[in-house]
2 protein chains.
Amino acid sequence: MPKPKLFIPGPVEISPATYEAMCAPMIGHRGSDFEELYSSIQPGLQQIAGTDRPVFLSTSSAWGVMEGAIRNLVQGKVLNLCCGAFSDKWFDVAQRCGKKAEKIQAEWGEPIDPGSVRNKLAEGGFDTVTLVHNETSTGVMNPLDEIASVVNEFEDVLLIVDSVSSFSAVPIPTDQLGVDVLLAGVQKAMALPPGLTVFVTSEAALSRAESTPDRGYYFDFLEFSKNHSKNNTPSTPSIALLQALDSMVASIMEEGLEERYRRHHENNALVHKWMEDSGFAHFAPEGFRSKTLTAVANNREIDVPAFVKALRIKHNFLINGGYGKIKGKTFRISNMGNETADSMKELLAALSDLLPDFL
Amino acid sequence: MPKPKLFIPGPVEISPATYEAMCAPMIGHRGSDFEELYSSIQPGLQQIAGTDRPVFLSTSSAWGVMEGAIRNLVQGKVLNLCCGAFSDKWFDVAQRCGKKAEKIQAEWGEPIDPGSVRNKLAEGGFDTVTLVHNETSTGVMNPLDEIASVVNEFEDVLLIVDSVSSFSAVPIPTDQLGVDVLLAGVQKAMALPPGLTVFVTSEAALSRAESTPDRGYYFDFLEFSKNHSKNNTPSTPSIALLQALDSMVASIMEEGLEERYRRHHENNALVHKWMEDSGFAHFAPEGFRSKTLTAVANNREIDVPAFVKALRIKHNFLINGGYGKIKGKTFRISNMGNETADSMKELLAALSDLLPDFL
């Protein structure tokens, strides 16, 4: 079977320019060629990440740094803000690291309520909060600025934010918001092959890490910081992916961040328009919808697996039939990465072509 | 400056076939395309790893799994067998994970003495041993079979082996030797871009992990095992590198393992011959020399950094000028990966061309 074009919420379609960059000659990671590559990536990546601080490069998928952030920061108790598959799992992972954890659990499809965060933190004992900005499983975009503002009311409580499916697609002013760890796998909004995670740590996060025992080596924030000063990484990095990242960052700078935000907004609106025209409802409430993917509520009760399969067979496009316990009750359409109004319209026309057979 | 051809001990030169495989269309990791890719890799990789057990695929460099193995297995105390930069560091990493650790320290350039391992384990209290098979920093290949045999004398002591620069270049009968964790980053002997580590766990290792607290999620052996049964990985994998691995495993199977071992042996012998002809001594003692890289002792007292630089400028080849505290006292030449007798001879001719100017 030919490989379909990906409109799933990551990984997404890889551009020819990215492939070409991945195939640049291999270089050693302990020499000047690598140092040049590393430092070349920084300024653009800092702009995307809304920070003046270093952006560290972890050779892992996002879960590595999500776990690493727990191991670096949590000394007392972590509060996990849960509203979907990935944010829920963070609560589980925190406990697997031997950390004390409590959670706020929103219904899948609902955002986190900043007021509930304030109430919970007021109980005391927490030193860390985890938030998934864009919960990819439900299509919900949480109110990052309000939640960050609440967390900042509490001295010595640090905020870890996973922005895997929002990073570079919407503004994330990390420093300004007082986010202590911002992390993103590169295979969603950044449209690179998976295997690399970028992350930023605040001064407070590094300072906390210093006194956190048993944080290990591979994800030790202080090791990243130490090596960053030499334009390097603690362990052998995924060099081909860094070459691809360098190219992608340059291309994002060329497009311009404002234009990139606008493009994602408009492409996302095209999907919303198709939904309305087709009689589908949103799974996420208005005001809390991701700009990079849409979780479509299956209120028309189509056979989602069959619909996804037919789309692949007839049009060679792949969308996602829903995640975990909302499989089939939702399906998800991505507009991440390099998609254009034209490429989105092609997909949506294909969906429209098939839909009548499923109603 | 043009990028030189790499004869450093990893990463090494990437073949056009590998690049092509990396650029196969991206696929989702939670569907049948990925399951096919995953299962396609297994049989060949099991053969290379000398095991009937699954070969797990970790999206990390080797240090991730080296740390992960400590977190999964060590409940009492670990014995780290140290004889160079990487094996020494494992002792440090074990302690950073909050584990009790002791070490046997051989001089850099010397192998681990199996007798000393027996004596140390006889003191009691150890449940895990770490060994770097091929200490890449010193060019020493440790006597894996003898050390494994000693460790197996002690019930309930598990053996973790890093074979990053020997994997696929020399036979490693993992199951037969009773190795409990065998791991290898793919960027050295496997000649892939870095960012992926393959590893095997014994039944005893999985069983130990079950009762080891705080082992986390990202490197949790039981998660790898659980997902393996679905031809999948716990976290989003480095798909492009897995596509490259699939192609490389097929190419190794086509070459044949015996032929591959022979080729490495012969290419390595060419380097040894050049050393003798040029009046250089080995850093590692006879009988304990790596088959994939050679640590040349700088007994002729050449200016190593200048020699390495001249080789790059005049011939566009890169060798390594020595690691850590033996920088300049040694230099290292790799014959890993896809090198042939002809390509090695080209390098050695270039070295011969330059050497007179440095004596």
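Residues numbered from 1 in each chain as written. Chains lettered and ligands numbered in written order. Predicted model: local features only at pLDDT ≥ 70, side-chain atom pairs only at ≥ 80, totals over all residues.

This part is about the overall build of chain A. From N to C terminus, chain A includes 13 helices and 14 strands. Taken over C-alpha atoms, the radius of gyration comes to 20 Å for chain A, in line with the 21 Å a tight globule of 359 residues would show. Counting only C-alpha atoms and orienting by the principal axes, one finds that chain A spans roughly 60 × 55 × 35 Å. The proportion of buried residues among the 359 residues of chain A is 55%. Taking the intrachain contacts of chain A between residues at least 6 apart in sequence as the baseline, contacts between residues at least 24 apart amount to 72%. (Helix = DSSP H or I, 4+ residues; strand = E, 2+ residues; numbered from the N terminus. Rg over C-alpha atoms; globule rule 2.2 N^0.38 Å. Buried ≥ 20, exposed ≤ 12 C-beta atoms within 10 Å, placed from the backbone. Contact = placed C-beta atoms within 7 Å.)

With that out of the way, let us pick up the interface of chain B and chain A. Taken together, the 42 residues of chain B in the interface contact 42 residues of chain A. At the level of elements, helix 1 (16-22), helix 3 (62-73), helix 4 (85-96) and helix 10 (239-255) of chain B are the ones that each hand at least two residues to the side of chain B that touches chain A. Among the residues making up the side of chain B that touches chain A, the classes are represented as 23 nonpolar, 13 polar and six charged. (Nonpolar A, V, L, I, M, F, W, Y, C, P; charged D, E, K, R; others polar.)

Turning our eyes to something else, we now look at the relation of the copies chain B and chain A. With an RMSD of 0.0 Å, chain B superimposes on chain A once it is rotated by 180° and translated 0.0 Å along the axis. Such a combination of rotation and displacement between the chain copies is what one expects of a two-fold axis. Scanning chain B for the C-alpha nearest the rotation axis identifies B:Ser60, at a separation of 2.5 Å. Residue by residue, 100% of the interface of chain B is reproduced at the interface of chain A, so both copies engage with the same surface. (Least-squares fit on C-alpha atoms with pLDDT ≥ 70 in both.)

With that settled, consider the pairing of strand 5 (residues 128-132) of chain B. All names here are of chain B. The buried fraction of strand 5 is high, at five of five residues. A two-sided burial pattern is seen for strand 5, the buried positions comprising Thr 128, Thr 130 and Val 132 on one face and Val 129 and Leu 131 on the other. With five bridges connecting them, strand 5 and strand 8 (residues 158-162) associate as parallel partners. Bridge assignment links Val 129 to a residue of strand 8, and that residue is Leu 159. (Pairing = 2+ DSSP bridges.)

Below, the discussion takes up the sheet that holds strand 12 (residues 293-297) of chain B. Residue and element names in this part refer to chain B. If you walk across this open sheet you meet the three strands as 11-12-14, and the pairing is antiparallel. The open sheet has two edge strands, strand 11 (281-282) and strand 14 (330-334), and neither has a second partner. As paired elements, strand 11 and strand 12 share two bridges and run antiparallel to each other. In the sheet register, Ala 281 faces strand 12, and the bridge partner there is Ala 297.

Below, the discussion takes up the nonpolar core. Core analysis: the biggest nonpolar cluster contains 233 residues, and A:Leu245 and B:Leu245 have the highest contact counts within it. Contact partners of A:Leu245, with chain neighbours within four places excluded, come to A:Ile41, A:Val186, A:Leu192 and A:Leu196. (Core = buried A, V, L, I, M, F, W, Y, C linked by C-beta atoms within 7 Å.)

The subject of this paragraph is unusual backbone geometry. All names here are of chain A. Residue Gly 10 is joined to Pro 11 through a cis peptide bond whose omega torsion reads -5°. Topologically, Pro 11 is positioned in the loop between strand 1 (5-6) and helix 1 (16-22). Despite not being glycine, Asp 214 shows a phi value in the positive range, around 60°. With respect to the helices and strands, the residue Asp 214 is situated in the loop between helix 8 (203-210) and helix 9 (221-228). Classification of Asp 214 by C-beta neighbours within 10 Å gives partly exposed; the count is 14.

With that settled, consider the domain arrangement of chain A. All names here are of chain A. Annotation of chain A at the domain level lists domain 1 (5-12 + 256-358) and domain 2 (16-254). Between the C-alpha centres of domain 1 and domain 2 there is a distance of 26 Å. At the junction of the two partners, domain 1 supplies 26 residues and domain 2 supplies 27 residues. Elements with a contribution of two residues or more to the side of domain 1 that touches domain 2: helix 11 (257-278) and strand 12 (293-297). Considering each element in turn, the side of domain 1 that touches domain 2 owes the most residues, four residues, to helix 11. Taken together, the residues that form the side of domain 1 that touches domain 2 break down as 14 nonpolar, eight polar and four charged. (Domains from an automatic or database assignment.)

Residue and element names in this part refer to chain B. Within strand 14, five of the five residues are buried, which leaves it mostly tucked inside the rest of the structure. Side-chain alternation along strand 14 places Thr 330, Arg 332 and Ser 334 on one buried face and Phe 331 and Ile 333 on a second face that is also buried. Two strands pair when backbone bridges link them, and strand 12 and strand 14 are joined in this way by five bridges, in the antiparallel orientation. From the neighbouring strand, Thr 294 faces strand 14, where its bridge partner is Ile 333.

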